[in-house]
Amino acid sequence: MNHLKDIQGKLKRFIRKYYTNELIKGCILFFTLGLLYFIGTLAVEHFLWLTSDARTVLFWLFIAAELGLLYYYILLPLSKLNGLKKGISEIEASEIIGAHFPEVRDKLINLIQLKNSKENSELISASIAQKSKQLKPITFKKAIDFRSNKRFLKYAIAPLVILLIFEYSSRGSFMLDSVDRLVHYNNNYEPPAPFAFTVSNSSLNVLEGDGIKLKIKTVGDVTPNQARIHLGEESYFLIHEGNSEFSYTIQNVTTSLDFYLSSDNVKSATYLVNCIPTPVITNLKMIVKYPDYTGKLPEVVQNTGNAMVLQGSEVSWQIETSQVSDLQLIANETDTLSFSRNGDD
C-alpha cells in the first residue's frame, strides 16, 4: 500500500500545481480583461460626457464587473489552492494527467476507481498494488507547464497599447479626466467647448489716444462663422479674416478697458487693454534775467523755445507737463540737461 500512498501524494501535489497554474493564468487574465473593461468604461465617459445618474450606473457596473473578475480569476483558484473550497477530484485530476500521458490514463483512473471501491478483496488489493507500482515512475506534475501561460501575456499587451493610443490622441486627458468624473459621479460636468479663443497680439498696451487692432484666432475642431467682442455693456461683431482668424480695431483709446470674446455658448477669458497715458508738455516758459548793468526787468517768454537775449543774461526754463515723470533738455549731441521737479506736473 506504500505505492498507493505515493500515487495519492503525487496526485495531491499535481492538484496543488494545477491550481497554482490556474492562479498564474487568472492573474494575467484578470489584468487583461479588467484593464479592457476599465478602458471601455473610461471611453464611454470620455466620448459621451454622461449625466450624473448615468455615471453613477457606469461606476457601480465597473466595480461589480471588476469584483466578479477578481473572484473568478484570483480568489476562486486561490481558495481551491489553500483547500478553502473543494477543487477537482482525483478522477478529474487523473483525466487531466491522462491527457498528457495517454499511456497511463486508463491505469490511473482504474486505480482510483479500485481505491474508492467499497468491495474489499485480496484480488482488488493485489490489483491496486500492481497498478500503483506501475505508475510510481511517472511524474504527474510534468503534466502542468507554467510556461504555457506565456501565450496569455501577448493579450495583456493589447489593452496597454489601446490605453497609450487614447492617452496620446487626447493629449493626456483621457484617463485622469475620465476617472475624476467617474469617481465624483454626483458632480455635474460640462463637456469642453469645441474651440477656444486666443489673442495673438504680442502686447495689449496702447498709448492714450491711439487705436489697437486685436488679432484673434480660434483653436479647436470647429471654427465659428462669426464671433463677438464685448466691451463694457456693448458688443460688436468681429471681422472674419478667413480660416480661424478674426480681428477688431478699437479706435481712440482713452482709458484702460476689459473685453472678452464669445460665439454661441463659448466665451473667452477676460483680457485687458492697458492704456498708457501720453506725456504732454502743456506750457513752456523762458524767464530771462538780464544783466544788472542793462537796467532791464526780467522778461517771461511764453510757449516758445526761441528767443534773442543779451550776452550775460540768465535763462530759466519752467515746463508744465501732464503724465510726465522725467524731463530733459538736449543742448546738443553730447550734452543733456535734466530738469528738477517742483511738483506733480
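A short note on the environment of Ile63
Following the sequence through the fold, Ile63 ends up in helix 2 (residues 52-81). Given the relative accessible area of 27%, Ile63 is considered partly exposed. Each C-alpha atom, one on Ile63 and one on Phe38, is 9.7 Å from the other, the two residues being 25 residues apart in sequence.

Notes on the pattern of salt bridges
Taken as a whole and assessed by the stated rule, the structure comprises four salt bridges. Lys25 serves as the salt-bridge partner of Glu22, at 3.2 Å between the closest nitrogen and oxygen. Of the two residues, Glu22 and Lys25 are both situated in helix 1 (residues 2-48); the distance of three residues between them amounts to about one turn of the helix. Accessibility expressed as a relative area gives 23% for Glu22, which makes it partly exposed. Its salt-bridge partner being Arg181, residue Glu45 comes within 2.6 Å of it at the nearest N-O pair. Taken together, the residues span a long stretch of sequence, with Glu45 in helix 1 and Arg181 in helix 7 (residues 174-183) at a distance of 136 residues. With relative accessibility at 0%, the residue Glu45 sits in the buried group. Bridged by salt links that share partners, the residues Glu45, Arg55 and Arg181 form one connected network.

Let's talk about unusual backbone geometry
One non-glycine residue, Asn252, lies in the positive phi region at around 50°. As for its position among the elements, Asn252 is in the loop between strand 7 (245-250) and strand 8 (257-263). Positive phi, close to 60°, is recorded for Gln323, a residue that is not glycine. Within the secondary structure, Gln323 sits in the loop between strand 13 (314-322) and strand 14 (328-330).

Re the confidence of the model for the protein
Counting all residues, the mean pLDDT for the protein is 82, and 81% of those residues have values of 70 or more. Contacts of residues 121-135 to residues separated by more than four positions or lying in other chains number 26 contacts, the stretch itself having pLDDT below 50.

Focus on the sheet that holds strand 13
Strand pairing in a sheet relies on backbone hydrogen bonds. The paired strands run either parallel or antiparallel. Taken together, three strands build an open sheet; the order of strands is 12-11-13 and the sheet is antiparallel. Each of the sheet's edge strands pairs with one partner strand only, and the pair in question is strand 12 (299-302) and strand 13. The mean inter-strand angle of the sheet, taken between neighbouring strand axes irrespective of direction, is 20°. Summarising the sheet, strand 11 (residues 280-289) and strand 12 pair through four bridges and their orientation is antiparallel.

Describing the sheet that holds strand 1 (residues 195-199)
Pairing within the open sheet is antiparallel, and its four strands lie in the order 1-3-7-6. The open sheet has two free edges, formed respectively by strand 1 and strand 6 (239-242), since each of these has just one partner strand. Direction aside, neighbouring strands of the sheet carry axes that sit 30° apart on average. With six bridges joining them, strand 3 (residues 212-220) and strand 7 adopt antiparallel strand pairing. Across the sheet, Lys213 pairs through a bridge with Thr249, a residue of strand 7.

Concerning the nonpolar core
Buried together is how nonpolar side chains tend to be arranged in soluble globular proteins. Residues Ile212, Leu214, Ile229, Leu238, Ile250, Phe259 and Leu261 are the most contacted members of the largest nonpolar core, which totals 21 residues. Elements with a minimum of two residues in this core: strand 1, strand 3, strand 4 (228-231), strand 7, strand 8 and strand 10 (271-276). By size, the runner-up hydrophobic cluster in this structure holds 15 residues, among which are Ile28, Tyr73, Ile74 and Leu81.

Regarding the pairing of strand 4
Note: strand 4 against strand 5 (residues 234-237), four bridges, orientation antiparallel. Bridged to Arg228 within strand 5 is Phe237. Where strand 4 folds back onto strand 5 in an antiparallel hairpin, the turn is made up of two residues, including Gly232, whose phi is positive at roughly 60°.

Comments concerning the side chain of Glu66
Looking at the secondary structure, you find Glu66 in helix 2. Leaving out residues up to four positions away in the same chain, Glu66 has contacts with Phe30, Gly34, Tyr37 and Phe38.

The rules we used
- Residues numbered from 1 in each chain as written.
- Predicted model: local features only at pLDDT ≥ 70, side-chain atom pairs only at ≥ 80, totals over all residues.
- Heavy atoms only, no water.
- Helix = DSSP H or I, 4+ residues; strand = E, 2+ residues; numbered from the N terminus.
- Buried < 20%, exposed > 50% of the residue type's maximum accessible area, 1.4 Å probe, protein only.
- Salt bridge = Lys/Arg side-chain N within 4 Å of Asp/Glu carboxyl O.
- pLDDT = per-residue confidence, 0-100.
- Contact = heavy atoms within 4.5 Å.
- Pairing = 2+ DSSP bridges.
- Axes fitted to C-alpha atoms, helices over the stretch in contact; angles between N-to-C directions.
- Core = buried A, V, L, I, M, F, W, Y, C linked by side-chain atoms within 4.5 Å.

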